[in-house]
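Structural description and commentary
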Amino acid sequence: MEIFTQPVIFVIFGGTGDLNWRKINPALYNLYLDGYFPENFAIINSGRKDLTDEDIREKMLEGVNKFSRKGKADKEKWETFAEKITYQPADIMEDKSFQTFGETIKQYEKTWGEKAIVIFYMSVAAQFFSVIAEKIKRNKLAEDIEHSRIVVEKPFGHDLESARELNNLFCTNFDEKQIYRIDHYLGKEAVQNIMAFRFANAILEPLWNRNYIEHVQISVSEQIGVGSRGGFYEGAGALRDMVQNHILQLLCLIGMEAPVSFDADEVRNKKVDVLRSMRRFKADELKYNVVRGQYGDGWVEGEKVKGYREEADVDPKSSVETFAAVKFFVDNWRWFDVPFYVRTGKRMPEKSSVITIQFRDVPHKIFPTETSDTWRQNRLVISIQPDMSIRFRVQAKIPGVEMALNNVDMVFDYDDSFSEESTPEAYETLLLDTMTGDQTLYMRGDQVEEAWKLLMPVLDNWAAKPANDFPNYAADTWGPEAANALLARDGYHWFTLNTKKSK
Ligand code: BG6
């Protein structure tokens, strides 16, 4: 990679928040350790609290020591990095705060004798996005399209209408080239590898279509409950929190046509084509295609855990789903009538994100049934986390004098092929891309809107008809029975990857 030499300034709104502490700052520090920062850079953390530079440095060091994949910070290296970190108290309602940002930026640029890339990072609750965007614009902090960028955390909108409003607001204040809408799944190493796997290997393309693929599954399960995020989650639910963004992005990577080049807009054009091709649900089809669930109490690793309705800041009668399963179709030549089943939920038995591509059976079986009572169709399993691997299931002859078959896996495992040290956190990749100006792994406005468009009939239906069977799955189970029925009706079952790591 080309060495990045242009000075860079990060202005982090929500600088005292959890995300900065756990993810953003440790990622910036790791980028610094790996030599990705230019000589001249500055990280301005901003928040309402009255803190000093020393206070924020101490807090950030604590975060690095707790959460960095590289472990505790080296004293000397941290101190050199920490000199670049400052704190600026700000009231985002006041223009004055933004004028101060402007002066600070100018001061840095004067000292460095060069214009900096300035990255405004909105790590704040969604209701503050618009006011920050307007203030940045009004105080002329992002006039230079080539040198200023805006990073926005999810959720990008609450529904189609609010996403459109937000897009309008962002697009009237900034150029799309400046807007970096985060979906951290796109920064995950094994997610980026889907494109490499599909488009750097010639053998897959002839098989990658409805002629050979029977169905696709995308399963993103979490063991944790909502924890302290009950307040946020009550306004979200699994469909908004995970399907609208992360899961649909994974589906796009599996479903997209080959881009002409690795150019950001070209890749995003191909992804948005998938979303545009997805079959829209009619009201009377919903019951056959979508399932919602909410966890009740139960036991997780020997400990009693609360049901969702008992969690802090959650309505005891809440109808918010903590689990969602959907059967999608992509109506184009490649995928017509191939079901894409997706599911996600909290308080499931393990944390794992797995994509399964189930191939069609052989057209004619020449082996007598008794040679293989474990006959299975070919299957490609792309595991994103915690196990990072790709497994291709094939039939093989069991060694011996007789003809007997069993299924075996051909495995590519990151741990065996590459050293773990080389795997960056999603945020490291994404933050580096904001510095170099690469939007490939960021969501474009039209993608976000298409994803909302697709899900609105489901969200509207669920809002109009509160669930009367919640809670409908116990903690530490794979979701409501109806989610199994969704696949069973088509003759399939949900696939789970049993590896030691995913336990
Ligand atoms: C976030 C959701 O976007 O993704 C959380 O808001 C969820 O609810 C998280 O827990 C999962 O991310 P990861 O990287 O742990 O799979």
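Each remark here, short or long, concerns the structure printed above.
All of the points below concern the structure found in this document. Please read these numbers as outputs of a predicted model, since none were measured by experiment. (Residues numbered from 1 in each chain as written. Predicted model: local features only at pLDDT ≥ 70, side-chain atom pairs only at ≥ 80, totals over all residues. Heavy atoms only, no water.)

**Regarding the overall build of the protein chain**
- Counting its regular elements, the protein chain contains 15 helices and 18 strands.
- Expressed as lengths along the three principal axes of its C-alpha atoms, the size of the protein chain is roughly 80 × 50 × 50 Å.
- Put simply, the protein chain has 503 residues, and 54% of those count as buried.
- Here the analysis covers contacts within the protein chain between residues at least 6 apart in sequence; of these, 77% occur between residues at least 24 apart.
- Within the protein chain, the 78 negative side-chain charges are centred at a point lying 3 Å from the centre of the 64 positive side-chain charges. (Helix = DSSP H or I, 4+ residues; strand = E, 2+ residues; numbered from the N terminus. Buried < 20%, exposed > 50% of the residue type's maximum accessible area, 1.4 Å probe, protein only. Contact = heavy atoms within 4.5 Å. Lys, Arg positive; Asp, Glu negative; His and termini not counted. Charge placed at Lys NZ, Arg CZ, Asp CG, Glu CD.)

**Looking at the nonpolar core**
- Of all hydrophobic cores here, the largest spans 143 residues; its most connected members are I136, F170 and F328.
- The element contributing the most residues to this core is helix 9 (residues 238–255), with 11 residues.
- Not counting residues within four places of it along the chain, the set of residues in contact with F170 comprises M122, F129, A133, I150, V152, F156 and I179. (Core = buried A, V, L, I, M, F, W, Y, C linked by side-chain atoms within 4.5 Å.)

**Considering the packing of aromatic side chains**
- This structure, assessed with the given rule, holds 30 aromatic pairs.
- Here W78 and F81 contribute two aromatic rings whose centre-to-centre distance is 5.5 Å and whose plane-to-plane angle is 55°, an arrangement assigned as tilted. You can see W78 and its partner F81 sitting in helix 3 (residues 75–82), 3 residues apart, about one turn around the helix. This pair shows no difference in class: W78 is buried, exactly as F81 is.
- Three or more aromatic residues link up through ring pairs in this structure, and these residues are F10, Y29, Y32, F37, F41, W78 and F81.
- Taking NZ or CZ as reference, K59 lies 4.2 Å from the ring centre of W21, over its face.
- When the ring centre of F156 is taken as origin, the NZ or CZ atom of R181, which lies over that ring, is 4.9 Å away. (Phe/Tyr/Trp six-rings, centres within 6.5 Å; stacked < 30°, edge-to-face > 60°. Lys NZ or Arg CZ within 6 Å of the ring centre and 35° of its normal.)

**Some remarks on the pairing of strand 1 (residues 8–13)**
- Burial runs high along strand 1: 6 of the 6 residues are buried.
- Residues V8, F10 and I12 of strand 1 are buried on one face, and the alternating residues I9, V11 and F13, pointing to the opposite face, are buried as well.
- Here 6 bridges tie strand 1 to strand 4 (residues 117–122), and the two strands are oriented parallel to one another. Each residue of the ladder has a partner; that of F10, found in strand 4, is I119.
- Across 6 bridges, strand 1 lies against strand 2 (residues 41–47) in parallel orientation. Within strand 2, the position partnered with V8 by the bridge is F41. (Pairing = 2+ DSSP bridges.)

**Here's the deal with the environment of E301**
- Relative to the helices and strands, E301 resides in the loop between strand 10 (298–300) and strand 11 (303–305).
- We classify E301 as exposed; its relative accessible area is 67%.
- Sequence separation between E301 and P349 is 48 residues; the distance between their C-alpha atoms is 9.3 Å.
- For E301, the side chain forms a polar contact with the side chain of Q223, separated by 3.5 Å. (Polar contact = N/O pair within 3.5 Å; in protein donor to acceptor, adjacent residues only side chain to side chain.)

**Thoughts on the site of the ligand**
- Looking at the ligand, the residues that line it are K154, H184, Y185, K188, E222, R229, D241, M242, H246, K346, K351 and Q385.
- Note that an oxygen atom of the ligand is positioned 2.6 Å from one of the side-chain N or O atoms of D241.
- One of the side-chain nitrogen or oxygen atoms of K346 is found 2.8 Å away from an oxygen atom of the ligand.
- Burial of the ligand by the protein amounts to 81% of the accessible area it has alone, namely 400 Å².
- Broken down by element, the residue count for the shell around the ligand peaks at 3 residues, all from helix 9.
- Its residues placed into classes, the shell around the ligand shows 2 nonpolar, 3 polar and 7 charged. (Near = heavy atom within 4 Å. Areas by Shrake-Rupley, 256 points an atom, 1.4 Å probe, with all protein chains shown as cover. Nonpolar A, V, L, I, M, F, W, Y, C, P; charged D, E, K, R; others polar.)

**Regarding the packing of helix 1 (residues 18–33) against helix 3**
- Put simply, helix 1 and helix 3 touch, their axes get as near as 11 Å, and they point 110° apart. Looking at the two axes, helix 1 sits roughly perpendicular to helix 3. Across from N25, L28, Y29, Y32 and L33 in helix 1, the residues of helix 3 making contact are K77, W78, T80 and F81.
- Class assignment for the residues of the contact of helix 1 with helix 3 results in 6 nonpolar, 2 polar and 1 charged. (Axes fitted to C-alpha atoms, helices over the stretch in contact; angles between N-to-C directions. Parallel < 35°, antiparallel > 145°, perpendicular 65-115°, else oblique.)

**Looking at the state of the cysteines**
- With the rule as written, the count across this model stands at 0 disulfides.
- Not part of a disulfide, C252 finds its nearest cysteine sulfur in C171, a span of 19 Å.
- Given a relative accessible area of 0%, C252 falls into the buried group. (Disulfide = S-S within 2.5 Å.)

**Focus on the environment of R393**
- Among the secondary structure elements, R393 is positioned in strand 16 (residues 389–397).
- Measuring from C-alpha to C-alpha, the distance between R393 and V64 comes to 40 Å, with 329 residues separating the pair along the chain.
- For R393, the contacting residues outside a window of four places in its chain are Q358, R376, Q377, N378, R379, N407, V408 and D409.

**Concerning the sheet that holds strand 4**
- Ordered in space as 3-2-1-4-5-6, the 6 strands form an open sheet in which the pairing is parallel. A single partner strand is all that each edge strand has here, and the edge strands are strand 3 (85–89) and strand 6 (179–181). If you compare each strand with its neighbour and ignore which way they point, the axes differ by 20° on average.
- Alignment of strand 5 (residues 148–152) against strand 6, held across 3 bridges, turns out to be parallel. Bridging from a neighbouring strand, I150 pairs with I179 of strand 6.

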